[in-house]
Amino acid sequence: MKTTRRSFVTAAGALSASMLGCIGRGAALADAPAAGAPDSGMRLDAGGRPDAGEAAQSPGAIAQLARERYGKFLDDQQLKLLDAKLSDIEGRSKRLHAFKLKNGDEPASEFRPVRP
Amino acid sequence: MIPDPELLFTPIRELAAQIRSRRLSPVKLVEVSLQRLQSYGPQLNAVVTIAGKQVLDQARNAEQEIARGRYRGLLHGIPFGAKDLLATKGMPTTWGAAPYQNQSFDYDATVIRKLADAGAILVAKLSMVELAGGMGYRNADASFNGPGINPWNPDYWSGGSSSGPGSAVGAGLVSFAIGSETVGSILTPSSFCGITGLRPTYGRVSRHGAMALCWTLDKLGPMARSADDCAIVLAAIEGADPEDPTTLPRPARQAPAARSRLRIAVPKGAADFVLPEVARNFNQSTEVLASLADVAFNVVLPDFPYGPVASTIVDAEGASAFYELIESGGLRQLRAEADRVGGYGGALVRAVDYLHAQRIRERMRKPFEELFQRYDVIAAPSRGTVALPLGIDFNKAYPELQSTPKDFVSPVGTLIQAGNLLGLPALALPNGFGRENLPTGLQLVSARLKESTLTALGSEYQKRTDFHRRRPPGF
């Protein structure tokens, strides 16, 4: 069954609230997070609404990678914030990949062999 | 004779007429701007650097040129400010962030050069959210020089990330400013500060010399007092630039439309689950628009995961743009706690996610092209709220909106995200006031390169309303 944008959010709501901590309620705020901080990726998806579908990696694996790579820069509180951010990214990834594309759908980015 | 306190609230076209006829000296205008920047700039956290006295020499030169009959156009002798992400020779360019507060460039950004060629006088570099918000700030205190203060109420934020341009134009410290938008950074402070802001089509204005956050999303545009002012500034800064390969040639003058009456779409749910005053003022705005155009209500916007697409692109491109800062642990120098962490997450966005987002983005194009076959303009509130209070995380600012159903997708946010992803122009106009004497805004979005439609419609709207002429108390 095709998962639509609107169908997954109800099912995912509880997950969103628990995974994303305070930004979980962002889904209910609709555009308020984006209103507050318009150029940040973290808020643009209004709290992130994890979609059905499998993530390529579990948040745990990414969190482990993040700790190995950046843990030296962060204290415990900041690591928790990073975990929330990574959960947000994971939820977002699921939503992205729930949107089905065809093999031939090309990205918006453009490479030009010669500059105009 | 315009009294001094009125000068920087006066439309550019009116100032220009006085300057050209030598009833107003550019020296006087620049002096008033410098005085107001010094008096009010610090209390609004609006200013990073005020230009030195050399700008008075520039103003004298402008005056002499005009006296000799060498009038350059409507911006000759007009003082302006620039968001502090634009390179300016001889002044620091801080990107709003402590790690870059001593940064300087030995060249001017293309928009700065074009405005200088038009005779405009740069009087200040204006505050901004650190790194244009790309690291994930969650409250207003996210600039190395403190949160932007709203001139309409000092307990509220001026918006971001073009916070300084919003408050400096709102308080009449400069005639206009140049802001930037990746996903909402012109529209939001324009709405919160009760000014008029224009986000141009992606590529219409050169980004050369501007801090890069997201190469595929960043745009520069005017923030001013009126739609007409925005059109005047856009005409000076637009056009192809060999230094920015994404720029587009200046569009040919548009022939009058076969249909003389515009068609405006109001998205379904545009005034739902916003603050009551935002809904009330938007509904009143649609009545004004209906006197100017055919307005269709309950138009359904194409359904895409705009938020995740935009967030993924911002995170990935932002992490690439600031990779060295991230990998060196330099994020710890940023002001906002969330900014000290967010970039690490951005650096771990998978390539397949980024590309998937860009592929979805491409799929959005056709449905919007079809939409703009049926309508000339889409109208919605600029923001679902008035300005957000200082000292509170954004998502806790207006608890009454917590009851919004989880499956409600806000057309307000959707339009900002979609408009930016598709590189569409948008105009934010003040359309009333709400709680705590704070302004609300109206956004108008058109097909690409149709800025003239937006500014013409905006000017007609502003002939029928006076919100753009209101001044914040005390300024």
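Residues numbered from 1 in each chain as written. Chains lettered and ligands numbered in written order. Predicted model: local features only at pLDDT ≥ 70, side-chain atom pairs only at ≥ 80, totals over all residues. Heavy atoms only, no water.

Asks: Is there a simple way to explain the overall build of chain A in this structure?
Replies: The secondary structure content of chain A amounts to 5 helices and 0 strands. For chain A, the sequential pattern of α-helices and β-strands runs α-α-α-α-α. Burial analysis of chain A (116 residues in total) assigns 53% to the buried set. At a minimum sequence separation of 6, the contacts of chain A that also span at least 24 residues come to 67%. Accessible surface, chain A: about 5600 Å² in total, of which carbon and sulfur atoms supply 54%. (Helix = DSSP H or I, 4+ residues; strand = E, 2+ residues; numbered from the N terminus. Buried < 20%, exposed > 50% of the residue type's maximum accessible area, 1.4 Å probe, protein only. Contact = heavy atoms within 4.5 Å. Areas by Shrake-Rupley, 256 points an atom, 1.4 Å probe, with all protein chains shown as cover.)

Asks: How do you make sense of the pairing of strand S7 (residues 196-199) of chain B when you look at a structure like this?
Replies: Within a regular strand, the side chains alternate between the two sheet faces. Residue and element names in this part refer to chain B. Here S7 shows a buried face lined by Thr196 and Leu198 and a second buried face lined by Gly197 and Arg199. Pairing geometry for S7 and strand S8 (residues 219-224), over 2 bridges, is antiparallel. The residue bridging Thr196 from the neighbouring strand is Ala224, located in S8. Across 3 bridges, S7 lies against strand S12 (residues 426-433) in antiparallel orientation. Residue pairing for S12: Arg199 is matched across the bridge by Ala426. (Pairing = 2+ DSSP bridges.)

Asks: Mind showing me how you'd approach helix H5 (residues 110-117) of chain B here?
Replies: For an α-helix, 3.6 residues make a turn, and residues three or four places apart therefore share a direction. Residue and element names in this part refer to chain B. For H5, every residue scored as buried is listed here: Thr110, Val111, Ile112, Lys114 and Leu115. As for H5, its buried residues are in contact with strand S2 (79-83), strand S3 (121-126), strand S6 (176-181), S8 and helix H8 (227-237). Count one or two residues on from H5 and you reach Gly119, which has phi positive near 95 degrees.

Asks: I keep staring at the confidence of the model for chain A and nothing clicks. Help me out?
Replies: Close inspection of predicted coordinates is inappropriate for parts of the model with low pLDDT. Residue and element names in this part refer to chain A. Confidence in the prediction for chain A averages 62 pLDDT; 47% of positions are at 70 or higher. Mean pLDDT across the elements of chain A ranges from a minimum in helix H1 (residues 5-20), with 32, to a maximum in helix H5 (residues 76-98), with 95. With pLDDT under 50 throughout, residues 1-56 is counted as low confidence; its partners more than four residues away or in other chains account for 159 contacts. (pLDDT = per-residue confidence, 0-100.)

Asks: What is the right way to look at unusual backbone geometry in this model?
Replies: A negative phi angle is the norm for most residues apart from glycine, just as the trans form is the norm for most peptide bonds. All names here are of chain B. A cis amide bond links Gly160 with the next residue in sequence, Ser161, at an omega value of 5 degrees. With respect to the helices and strands, Ser161 occurs in the loop between strand S5 (153-157) and helix H6 (163-170). You will see that Ala132, though not glycine, has its phi angle at about 55 degrees, which is positive. Turning to its location among the elements, Ala132 is positioned in the loop between S3 and strand S4 (149-150). Backbone geometry at Leu449 places phi at a positive 65 degrees, although glycine is not the residue there. As for its placement among the helices and strands, Leu449 is situated in the loop between strand S13 (439-446) and helix H15 (451-463).

Asks: Is there a simple way to think about helix H4 (residues 54-67) of chain B in this case?
Replies: All names here are of chain B. Between its first and last C-alpha, H4 extends 20 Å over 14 residues, near the 20 Å set by a 1.5 Å rise per residue. All buried positions along H4 are accounted for by Val55, Leu56, Ala59, Ala62, Glu65 and Ile66. Elements in contact with the buried residues of H4: helix H2 (12-20), helix H3 (26-44) and S3. Once H4 finishes, Gly69 follows within two positions and takes phi at roughly 90 degrees, a positive value. (Expected span 1.5 Å × (residues − 1).)

Asks: I tried to follow the confidence of the model for chain B on my own but got confused; where do I start?
Replies: The pLDDT averaged across chain B works out to 96; a share of 99% of its residues lies at or above 70. Two summary scores accompany this predicted model of the complex, namely pTM at 0.91 and ipTM at 0.87.

Asks: It is not clear to me how the layout of surface pockets should be interpreted in this structure. Could you clarify?
Replies: Left-over empty space is what a probe sized like a water molecule reveals as it rolls over the atoms. Residue and element names in this part refer to chain B. The space that makes up the second largest pocket amounts to roughly 330 Å³. Of all elements in the fold, only H4, H5 and S3 reach the threshold of two or more residues within the lining of the second largest pocket. In terms of residue count, the dominant contributor to the lining of the second largest pocket is H4 (6 residues). Looking at the lining of the second largest pocket, its residues break down into 11 nonpolar, 7 polar and 4 charged. (1 Å grid on protein atoms, 1.4 Å probe; cavity = no way out; pocket = protein on both sides within 12 Å on 5 of 7 lines; lining within 4 Å. Points joined across faces, edges and corners; volume = space filled by probe spheres on them. Nonpolar A, V, L, I, M, F, W, Y, C, P; charged D, E, K, R; others polar.)

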